[in-house]
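# Reading the structure
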Amino acid sequence: MGWAFCGEASGDTASSPLFLVHIAGLIVKQENLFQEMAENASASSKSEQHGESEKPIGPTGEIALDLPIYDTYHYVIPEALQERVKTGVRVLAPVGQRLITGYFLRYSAPPAEVEQRLREIDDVLDEEPLFDETTLGLFEFAADYLFYPIGEVIRGALPAGINVESKQSVYLSDTGLMARSGAALRGPRARLLSALLPGEVLPRQALLERVRGARAHHLRELIRDGFLLVQEAISQPRVKGRIQRQYKVVDGVSLARREVLLQRAPRQNELWEAIREYGPISLAQLRALIGDVDIRDALRQMLKKGLIDLIEVEVSSDPFFEPMPEPSKPFPPTEDQQKVLASVIPGIDERIFQPFLLHGVTGSGKTEVYLQLIERVMAQDRQAIVLVPEISLTPQFVGHFRRRLGDQLTVLHSGLNEQERYDQWWRIKRGEVPLVIGARSAIFAPFRDLGMVIVDEEQETSYKQEGRFPYHARSLALMRAKLCDATVILGSATPAMESYANAQLGRWGYLSMPKRILDRPMPSVEVIDLRKTPERIGGMISPALLEALAENLKQGDQSILFLNRRGYHTTVLCPNCGITFRCKNCSINLTHHRAQAVMLCHYCGYAERYPAKCPSCGHRHLENTGWGTEKVQELLHHALPDARIDRMDRDTTSRKGTLEDLVGRFAKREIDILIGTQMIAKGHDFPGVTLVGVLLADQGLNMPDFRSGERTFQLLVQVAGRAGRGQTPGRVLIQTFNPEHPSLYFALQQDYQGFYQCEAPFRREAGYPPYGFLVGVRFEGSSAQETEQVAYDVGQALRQRLKTGKYPRVELLGPAPAALERIKNRFRWQLLLKAPERRSLHMLTWSLVREVLATMPRTEVKILIDTDPVQML
């Protein structure tokens, strides 16, 4: 724990005048001399600045600052703010010479030696807490488990765009104006003064960017020596509650008086009736209802007569992109479903923490189980969270819940902008909806009495956030359910090996649903060995698959083709000189997108026009290799001209509403063949689909990742599960160059236990999950040499610690370049720590954070710690 205490400040701060200017609701601070914010968050206190003697302080509290620091800090709570300060509110706290958003955690006393040197918070930003003590427990767990600053954990859990901070700009002082025209200064400091025009006020970073070679310490020296003055303003949040003016009838107006006031005003009488029935109602809604845009004058007259009132109401946007579907009723549970319900419901009624793995084959009716359990929880006035992978958060999936629960739910996903997410977050906070369906961040939904968390397709890698705040939603779901005495259901047809092991060891309950509803058969699966099929359309569609597609089209049934690669060609090369077209920012080939005539990097977005000739040797006939969904669509249009064919990938569904339209047309059988990436593999239930074709099952098998076989098996089983979910049995054709691979063999048999028993010995021998625990450390920098050196230095420091014997059975792998060595012009190195138990692994990682990284020289290289890493590339 740290403390916000006062240290020695350089410069004559005692004589520095301080002016507070109120401009348009902003507090602007102007100081002629002060030092840049100290890294340890210390600065001179107001009493020291003005020569006052120390006075007894009031109550103190622990605050997590919205900064990349691991410690929390103690501040004094002024008497005027004490009634408003409670766990979960945001405060403005002084840090050095700035004001930063902080999160109030709890009242507590600091150590006696620093008590007299604490600073006061400046203001309280919230009228009510944004989180409670239970949710704070989740944040503290996440910060400790993930080795991540708690202030940034809390910021990542709350709606984006709500925080404020002081922004500093600089302008020339009288001394600076004279120095600017003279020769008193040289080098970067002189160039900084010359770059700033008289009377110009410029953000600090913007000024630094104007001058090549200038650094932050040059700017600090100019401020310290009085050449520059600093102006500080409190920024405005990017999002906030939206207020709408609405009309409502005034209560207590007698019928006789109303009849007199409206006797000769039929339009006003019509409006009054509409407002009485539908109010409070906005002007736009009234216009739509009345069918007349010219009603303002009538409304003004009614306001003057005292018949209606104009009120301000906080409103939320509609998170759904389609109207409310027809309501539905619960289905009678199957025998398997009934067994699951009987196992789970007693714990719901007892309000105890109970984790379950629900292992159900595709089409077994897991969604109906979810719905009936949620209805049980809601009947107890408790709330529920349903987590789904982003690609599975489809209108069809959400529609199942809306048909059953109506408007008692909302959604949180990447299709909503910041304001829309903020609106839905506050609807949940106000208790307007008891259920949220969302991607991983929905685990932080601010429910007051959470009773259930469901993680559908729990094996999905998209539940792990990469980069900033690298949490896994499955892990946080388990911890949040434990803190709330709630039930957690992890559902999947192909569970993660870690989850299956936890269930087999008895740590979680194991629930099995091995049969499809209505005893529908699992689809038949056939393999097409591409080594024995040289004659293929476009080099990718075998005659057997094309024949099956044609027959399915003749029968009036629908087909899905799966290829987990978008674009037209994956590689463009010159056959004359051998050059391949690669991204300028990443270690990856550019993908040819023929419709846009561009070559695109799928990692950073870099694009080039498709060239007419080789830029290296001038050869005019470039070769294209590799297959993408765009190429497949073109080939099928030629091979099956009567078929209605469409494509589902990021290129065709990036605009808002396009995915909903595509899914709707396929559900209405307006599309015969749907080609897609993994977006089509999960979350869809199309009874008309009787044929699924996998064009290249080998795609992910050769990735440098110990989970590549597991992910291939899971993806194949999931996409095969799209077939035969209606009355007609399904058929799956899998094309591969490697039919003997265990992942493909067990996927063909749809045998999860067989795959697990085959894969487990390798994991056990190598010490990988579920038989070991991992912490990854990644290094990213703009300089290849500096990034490699920092990775090497950290690796050496870790090896020295391992030699002490304090961290038994921890193994260090690396450092080494990442498989994708450069992304977005940043070079990447990584190392891996693994151990058979968590304790020594986490002790070593905290030693790395506190003792190694905290004492290393500052560099441009970013160091990321990743607990339980999912992506190894």
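Everything below is about the structure shown above.
Read on for an overview of the structure. (Residues numbered from 1 in each chain as written. Predicted model: local features only at pLDDT ≥ 70, side-chain atom pairs only at ≥ 80, totals over all residues. Heavy atoms only, no water.)

## Considering the overall build of the protein
Just so we agree on the cut-off: The secondary structure listing takes helices from DSSP runs of H or I that are at least 4 residues long and strands from runs of E that are at least 2 residues long, numbered from the N terminus. Our radius of gyration is a C-alpha quantity, and the globule rule it is checked against amounts to 2.2 Å times the number of residues to the power 0.38. A simple rule labels every residue: compare its accessible area, found with a 1.4 Å probe on the protein chains alone, to the largest value its type can have, and call it buried under 20%, exposed over 50%, or partly exposed in between. Throughout, a residue-residue contact means that at least one pair of heavy atoms, one from each residue, lies within 4.5 Å. Reported accessibility uses the Shrake-Rupley method at a 1.4 Å probe radius. Residues are deemed covered only where the shown protein chains occlude them. Counted charges follow a simple rule, with Lys and Arg positive, Asp and Glu negative, and His plus the chain ends left uncounted. Charge coordinates come from a single atom per side chain, which is NZ of Lys, CZ of Arg, CG of Asp or CD of Glu.
The secondary structure content of the protein amounts to 26 helices and 35 strands. Relative to a compact globule of 873 residues, whose C-alpha radius of gyration would be 29 Å, the protein shows 32 Å and is just as compact. For the protein, the C-alpha atoms occupy an extent of roughly 90 × 90 × 65 Å along the three principal directions. The buried share among the 873 residues of the protein stands at 52%. Taking the contacts inside the protein whose residues are at least 6 apart along the sequence as the reference set, 76% of them involve residues at least 24 apart. Here the protein displays about 40,000 Å² of accessible surface, and carbon together with sulfur accounts for 49% of that area. Side-chain charges of the protein comprise 106 positive and 106 negative groups, with the mean position of each set lying 3 Å from the other.

## Some remarks on the packing of helix 13 (residues 366–379) against helix 14 (residues 395–405)
Stated precisely, the cut-off is as follows: Axis definition: a line fit to C-alpha positions, over the contact stretch in the case of helices; interaxial angles, taken between N-to-C directions, run 0 to 180 degrees. An angle below 35 degrees is read as roughly parallel, one above 145 as roughly antiparallel, one from 65 to 115 as roughly perpendicular, and any other as oblique. Less than a right angle of anticlockwise turn of the near helix away from the far helix marks a crossing as left-handed, whereas a clockwise turn marks it as right-handed. In this count, Pro and Cys sit with the nonpolar residues alongside Ala, Val, Leu, Ile, Met, Phe, Trp and Tyr, while Asp, Glu, Lys and Arg are called charged and the others, Gly among them, polar.
Running from N to C, helix 13 and helix 14 cross one another at 40°; their axes reach a closest spacing of 11 Å. Between helix 13 and helix 14, the interaxial angle falls into the category oblique. In the packing of helix 13 onto helix 14, the handedness of the crossing is right-handed. In contact with T367, E368, Y370, L371, Q372, I374, E375 and M378 of helix 13, helix 14 contributes F397, H400, F401, R404 and L405. For the contact of helix 13 with helix 14, the per-class residue count stands at 7 nonpolar, 3 polar and 3 charged.

## Topic: the pairing of strand 22 (residues 558–562)
Here is the rule: At least two bridges found by DSSP between two strands is the condition for calling them paired.
For strand 22, a buried count of 5 out of 5 residues is recorded, marking the element as mostly surrounded by other parts of the structure. Neither face of strand 22 is open: one carries Q558, I560 and F562, the other S559 and L561, and all of them are buried. One ladder, built from 5 bridges, connects strand 22 with strand 30 (residues 689–694); its direction is parallel. Residue I560 lies in a different strand from strand 30, and its bridge partner there is V692.

## Digging into helix 18 (residues 543–555)
The test is simple: Given a helix with a known number of residues, its expected span is that number minus one, times 1.5 Å. Note: the arc covers the axis-to-C-beta directions of the helix.
Between the first and last C-alpha of helix 18 there are 18 Å, a value that for 13 residues agrees with the 18 Å anticipated at 1.5 Å per step. For helix 18, the set of buried residues is L545, L546, A548, L549 and N552. All buried residues of helix 18 fall inside an arc of 160° around its axis, so they share one side. Seen from the buried face of helix 18, the exposed residues on the opposite side, beyond 90 degrees, are E547, K554 and Q555. On its buried face, helix 18 sits against strand 21 (524–529), strand 22, helix 19 (629–639), strand 29 (673–676), strand 30 and strand 31 (731–736). Residue G556 follows helix 18 closely and has a positive phi angle near 85°.

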